[in-house]
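Structural description and commentary
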Amino acid sequence: MTLDRFAPAIFVLLWSTGWVVAKYAAMHSEPFTFLAIRYTFSALAFLALCLALKAKWPDRATVWRAVYSGFFLHGFYLAAIWWAIANGVPAGISGVIAAMQPLLTAMAAPFLIGERLQPTQKLGLALGFFGIIIAVSPKLLEPATADLMHAAVPLTINLIGMASVTYGTIYQKKHLHSGDLKAIATLQYLGALAITVPLALAFENLHFDGTIEAFAALAWSVIGLSMGGIGLLLYLIRRGQVSRAASLIYLMPPTVAIEAFIAFGEPLTLPLILGTVVVVTGVYLTNRKSVQAIEA
């Protein structure tokens, strides 16, 4: 019960640091190469955890489902996002696209897993999305946004990446509702490697400069994000509605902005503050414990 109470907040804090880590990692490594290294160490870390705790491995059918879900939930999702930003999609636009995931999940869940939302949850999801629009509105007016049409292909890839993580999240809920999460996570990172390794070999020079900063970013990516953040996300998906779990993504851009203010002194704008209030309200409505939903 204690984990149920604090897991959402811990997940948001951990996952939000991914944007900061990505900023540092981009200075020291190519995106696909960094992700391939990260997923390799993540798979090994979870494997060691499975062996140490004598985790029960799933049957063959579940093994393939776990690998398949990892292809979308981790591999193609982050590969698409990182490549898109590196090739012209402004960070503000990418943030808005990231905020589309809860809405996409809520729209797809009724058709794929029979999950129904009550009116207050629908209102919460809508408020969360509009809160994100308010929060990032200054970035949408930056000069770089005017060149968005020149980034048509990266923008499309960014959108496909969000569709990928949405599908992976729903697939996780539908097909991986039982079994040891440590074993499932191990297999999912193998699925992620199945996409990132070929991409790195085909399109990059496998550059990783090996500096202290690069290894620090890698260490946090593995321990804080891949093990902590993803572990909690899988737990939240299993324990509740996928729409409720996905709604936590709304909290990421405001949380990252606050972290940037504390760490780098970046200003907190009025739209960001107002948007954050709206986002928090929306997430609260979506995750109210009194809600009773049809589970798959």
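Predicted, not measured: the structure shown is a model, and the values here were computed from it. (Residues numbered from 1 in each chain as written. Predicted model: local features only at pLDDT ≥ 70, side-chain atom pairs only at ≥ 80, totals over all residues. Heavy atoms only, no water.)

**Some details on empty space enclosed by the protein**
We count it as follows: Grid points spaced at 1 Å over the protein atoms alone were grouped into cavities, where a 1.4 Å probe fits but cannot get out, and pockets, open sets with protein on both sides within 12 Å along at least five of seven lines, with lining residues defined by an atom within 4 Å of a point. Grid points are joined across faces, edges and corners, and a volume is the space filled by probe spheres set on the points. Numbered from the N terminus, helices here are DSSP runs of H or I no shorter than four residues, and strands are runs of E no shorter than two.
Using the criterion set out here, one finds two cavities of 30 Å³ or more in the structure. Considering only enclosed or pocket space, the second largest cavity measures out at about 50 Å³ in volume. Lining the second largest cavity, in full, are Trp15, Arg38, Tyr39, Leu73, His74, Tyr77, Leu78, Tyr189 and Ile230. Those elements that place two or more of their residues in the lining of the second largest cavity are α2 (31-52) and α3 (60-86). Looking at which element gives the most residues to the lining of the second largest cavity, the answer is α3, with four residues.

**With respect to the packing of aromatic side chains**
Just so we agree on the cut-off: Note on aromatic contacts: the rings of Phe and Tyr and the six-membered ring of Trp form a pair at centre separations within 6.5 Å, being stacked when their planes are under 30 degrees apart, edge-to-face when over 60 apart, and tilted otherwise.
Applying the stated criterion across every chain yields a total of 10 aromatic pairs. By the ring-pair criterion, three or more aromatic residues cluster together here, those being Tyr68, Phe71, Phe72, Tyr167 and Tyr171.

**Here we look at the environment of Leu190**
Test applied: Buried means the residue's accessible area, taken with a 1.4 Å probe over protein chains only, is under 20% of the maximum for its type, while exposed means over 50%, and partly exposed covers the values in between.
Within the secondary structure layout, Leu190 lies in helix α9 (residues 181-203). Using a relative accessible area of 42% as the deciding quantity, one classes Leu190 as partly exposed. Separated by 150 residues in the primary sequence, Leu190 and Thr40 have C-alpha atoms spaced 7.7 Å apart.

**A look at the confidence of the model for the protein**
The line we're drawing: pLDDT is a residue-level measure of predictor confidence that goes from 0 to 100. Residue contacts are defined here by distance: any two heavy atoms, one from each residue, within 4.5 Å place the two residues in contact.
Of all residues in the protein, 73% attain a pLDDT of 70 or more, and the chain-wide mean is 78. Below pLDDT 50 for its whole length, residues 290-296 participates in 15 contacts with residues either more than four positions away or in separate chains.

**Concerning the packing of helix α8 (residues 152-175) against helix α10 (residues 212-239)**
Selection rule: For every element, the axis is a line fit to its C-alpha atoms; helices are fit only across the contacting stretch, and the angle between N-to-C directions ranges from 0 to 180 degrees. Every angle not falling under 35 degrees, over 145, or within 65 to 115 is termed oblique; those three ranges are roughly parallel, roughly antiparallel and roughly perpendicular. With the far helix as reference, a near helix turned anticlockwise by less than a right angle produces a left-handed crossing, and one turned clockwise produces a right-handed crossing. Polar here means any residue outside two lists: the nonpolar Ala, Val, Leu, Ile, Met, Phe, Trp, Tyr, Cys and Pro, and the charged Asp, Glu, Lys and Arg; Gly therefore counts as polar.
Contact geometry for α8 and α10: axes closest at 9 Å, N-to-C directions at 55°. As summarised for this structure, α8 and α10 are arranged oblique, according to the angle between their axes. As for the relative orientation of α8 and α10, their crossing is right-handed in sense. Contacts from Thr169, Gln172 and Lys173 in α8 reach Leu234, Ile237 and Arg238 in α10. Within the contact of α8 with α10, the residues separate by chemical class into two nonpolar, two polar and two charged.

**Remarks on the nonpolar core**
Our working rule: Take the buried Ala, Val, Leu, Ile, Met, Phe, Trp, Tyr and Cys residues and link them wherever side-chain atoms come within 4.5 Å; each set so joined is a nonpolar core.
If you look at the biggest cluster of nonpolar residues, it comprises 46 residues, and the most contacted ones within it are Phe11, Phe34, Tyr39, Tyr77, Trp82 and Tyr189. Only α1 (2-25), α2, α3, α8, α9, α10 and α13 (270-286) provide two or more residues apiece to this core. Sort the elements by how many residues they give to this core and α10 lands first, with 12 residues. Contacts of Tyr77, omitting those with residues within four sequence positions, involve Trp15, Phe72, Gly161, Met162, Ser164 and Val165. Counting five residues, the second largest nonpolar core, distinct from the first, contains Ala66, Val67, Ile184 and Leu187.

**Side note on α10**
Rule in force here: To estimate how far a helix should extend, the number of its residues minus one is multiplied by 1.5 Å. Bend at a given residue is defined as the angle between two axes, one fitted to the seven residues that end at that position and one fitted to the seven that begin there.
For α10, spanning 28 residues, the distance from its first C-alpha to its last is 38 Å, which sits close to the expected 40 Å at 1.5 Å a residue. At Ser221, α10 shows its maximal bend, which comes to roughly 30°.

**Details of the packing of α9 against α10**
Relative to each other, α9 and α10 sit at 115°, their axes nearing to 11 Å. Between α9 and α10 lies a crossing of right-handed hand. Along its contact with α9, which presents Leu181, Ile184, Ala185, Gln188 and Tyr189, the element α10 presents Ser226, Ile230, Leu234, Tyr235 and Arg238. Looking at the contact of α9 with α10, its residues break down into seven nonpolar, two polar and one charged.

**Focus on the side chain of His74**
Looking at the secondary structure, you find His74 in helix α3. Look at His74 and you get buried, because its relative accessible area is 3%. Setting aside residues no more than four positions away along its own chain, His74 makes contact with Tyr39, Gln188, Tyr189, Ala192 and Ile230.

**Overview of unusual backbone geometry**
Unusually for a residue other than glycine, Lys54 sits at a positive phi of about 55°. By secondary structure assignment, the location of Lys54 is in the loop between α2 and α3. Of the residues examined, Lys54 reaches a relative accessible area of 75% and is grouped as exposed. In this model, Leu206 sits at a positive phi of 60°, which is unusual for a non-glycine residue. Assignment of secondary structure puts Leu206 in the loop between α9 and α10.

**Observations regarding the pattern of salt bridges**
Rules: We define a salt bridge as a side-chain nitrogen of Lys or Arg found within 4 Å of a carboxyl oxygen belonging to Asp or Glu.
Here the structure, examined in full by the defined rule, presents one salt bridge. Between Asp180 and Lys182 there is a salt bridge, and its shortest N-O distance comes to 3.1 Å. Owing to a relative accessible area of 21%, Asp180 belongs among the partly exposed residues under this scheme. With relative accessibility at 22%, the residue Lys182 sits in the partly exposed group.

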